[in-house]
Amino acid sequence: MKITITGSLGNVSKQLAVNLINKGHQVTIISQDANKAAQIAAMGAVAAIGSVKDTAFLTTAFKGADAVYTMIPPLAASEDYYGDVAVIAANYRQALADAGIKHVVNLSGIGAHVPAGNGLSSAFHQVEQILNQLPDTHIVHLRAGMFYTNFYGNLEMILQQQIIGNNFPGDIRLGLVHPHDIADAATSLLSGLTFTGKSFRNMTSDEKTGNEIAAIFGRLTSQPVQWVPFPDEALQQGAMQNGFSAHMASLLAQVGVSIREGRLYADYEKDKVVAGQRKFEDFAGQMLKAVVQG
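Values in this document were obtained by computation on a predicted structure and should not be read as measured data. (Residues numbered from 1 in each chain as written. Predicted model: local features only at pLDDT ≥ 70, side-chain atom pairs only at ≥ 80, totals over all residues. Heavy atoms only, no water.)

Some remarks on the sheet that holds strand β10 (residues 198–203)
Consideration 1: Ordered in space as β3-β2-β1-β4-β5-β6-β10, the seven strands form an open sheet in which the pairing is parallel. In this open sheet, the two strands that pair with only one neighbour each are β3 (46–49) and β10. Ignoring strand direction, the axes of neighbouring strands in this sheet form an average angle of 20 degrees.
Consideration 2: Here strand β5 (residues 103–109) pairs with strand β6 (residues 138–144) via seven bridges, running parallel. Bridge pairing in β6 places Ser-108 opposite Arg-143.
Consideration 3: Sheet contacts for helix α3 (residues 55–62): β1 (2–5), β2 (26–31), β3 and β4 (67–70); angle to β2, the most-contacted strand, approximately 165 degrees. (Pairing = 2+ DSSP bridges. Helix = DSSP H or I, 4+ residues; strand = E, 2+ residues; numbered from the N terminus. Axes fitted to C-alpha atoms, helices over the stretch in contact; angles between N-to-C directions. Contact = heavy atoms within 4.5 Å.)

Structure below.
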């Protein structure tokens, strides 16, 4: 089949492309970075270089595809995240309609069950609602948990200060996911196209508390690592030092507030299935090994 993927060569999209190519599908990868074109071609895919803010470009990239994978790109510098996300989702909706696409797998997030209150995660609620307005398109929203790869940002703190943390206590159980498990789920859906209607699936690979995560890193580094609940303001300042706008840093902190107040995972806890196969401790070990070798 012909399948178009958004998300360039990101943590999910690259592996999804590899999976689909290995299954014999013809894959087009959308990227706004022209420098990625050669790498995409080397993988055996077609590069479509352009912006997800350009509906005409998206329509052309989607045209002729049997199915499309959609995701919202990182918008760390956004000053109006919900507005920016709504624009991209509306562009997808229009392009999918104009291109006549009947099957879509969309990357969403746990916390998308409500339109507000979950910070960055609630923005996915409007994405789902906007795409679900397509009357004759079958859509599965993959509501992902916290990405394993987010912990790359904690490595310096773990190795140098023997601490890891966030703005919630260490005794709260978190739904975590390996991006490649998301890619595998999307591969299965896009290869079969047996899904109908509008639906969602929660995507997690493992569940760990912050204290358990700290203990794992402690075992792997042979030194005690402690989970530290940071104040909201400290988390925001750290995010801004790493390139987030003040607006985005505030929304990121709201995710943590939602976790500690029991909202983010409320819908997930009702009917959860840990479907991913890759466990967090294995990933953490591979991550640390790569850092040591690199």
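Regarding empty space enclosed by the protein
Consideration 1: Taken as a whole and judged by the stated rule, the model has one cavity of 30 Å³ or more.
Consideration 2: When its volume is computed, the largest cavity comes out at roughly 30 Å³.
Consideration 3: In terms of lining, the largest cavity is formed by Ile-110, Gly-111, Ala-112, His-113, Arg-143, Asn-202, Asp-267 and Tyr-268.
Consideration 4: For the lining of the largest cavity, the residue count by class is three nonpolar, three polar and two charged. (1 Å grid on protein atoms, 1.4 Å probe; cavity = no way out; pocket = protein on both sides within 12 Å on 5 of 7 lines; lining within 4 Å. Points joined across faces, edges and corners; volume = space filled by probe spheres on them. Nonpolar A, V, L, I, M, F, W, Y, C, P; charged D, E, K, R; others polar.)

Side note on the packing of helix α1 (residues 13–22) against helix α7 (residues 179–192)
Consideration 1: The geometry of α1 relative to α7 is characterised by a closest axis approach of 8 Å and an angle of 40 degrees between their N-to-C directions. Relative to α7, the element α1 is oriented oblique. Note on packing geometry: the crossing formed by α1 with α7 is right-handed. Judged by residue contacts, Gln-15, Leu-16, Asn-19 and Leu-20 of α1 engage His-180, Ala-183, Asp-184, Ala-186, Thr-187, Leu-190 and Ser-191 from α7.
Consideration 2: In terms of residue class, the contact of α1 with α7 is built from five nonpolar, five polar and one charged. (Parallel < 35°, antiparallel > 145°, perpendicular 65-115°, else oblique. Left-handed = near helix turned anticlockwise from the far one by under 90°.)

Considerations on the side chain of Thr-221
Consideration 1: Looking at where Thr-221 falls in the secondary structure, it is placed in helix α8 (residues 210–221).
Consideration 2: For Thr-221, a relative accessible area of 19% gives the class buried.
Consideration 3: Engagement of the side chain of Thr-221 in a polar contact is seen with the backbone oxygen of Phe-217, the distance being 2.7 Å.
Consideration 4: Apart from residues no more than four positions distant in its own chain, Thr-221 is found in contact with Leu-159 and Leu-288. (Buried < 20%, exposed > 50% of the residue type's maximum accessible area, 1.4 Å probe, protein only. Polar contact = N/O pair within 3.5 Å; in protein donor to acceptor, adjacent residues only side chain to side chain.)

A closer look at helix α10 (residues 246–260)
Each α-helix winds once per 3.6 residues, and so residues spaced three or four apart point in a common direction.
Consideration 1: With 15 residues, α10 extends 21 Å from end C-alpha to end C-alpha; this agrees with the ideal 21 Å at 1.5 Å per step.
Consideration 2: Within α10, burial applies to Met-248, Ala-249, Leu-251, Ala-253, Val-255, Gly-256, Val-257, Ser-258 and Ile-259.
Consideration 3: Those residues of α10 that are buried are in contact with α4 (81–99), β7 (146–147), β9 (173–177) and α9 (232–241). (Expected span 1.5 Å × (residues − 1).)

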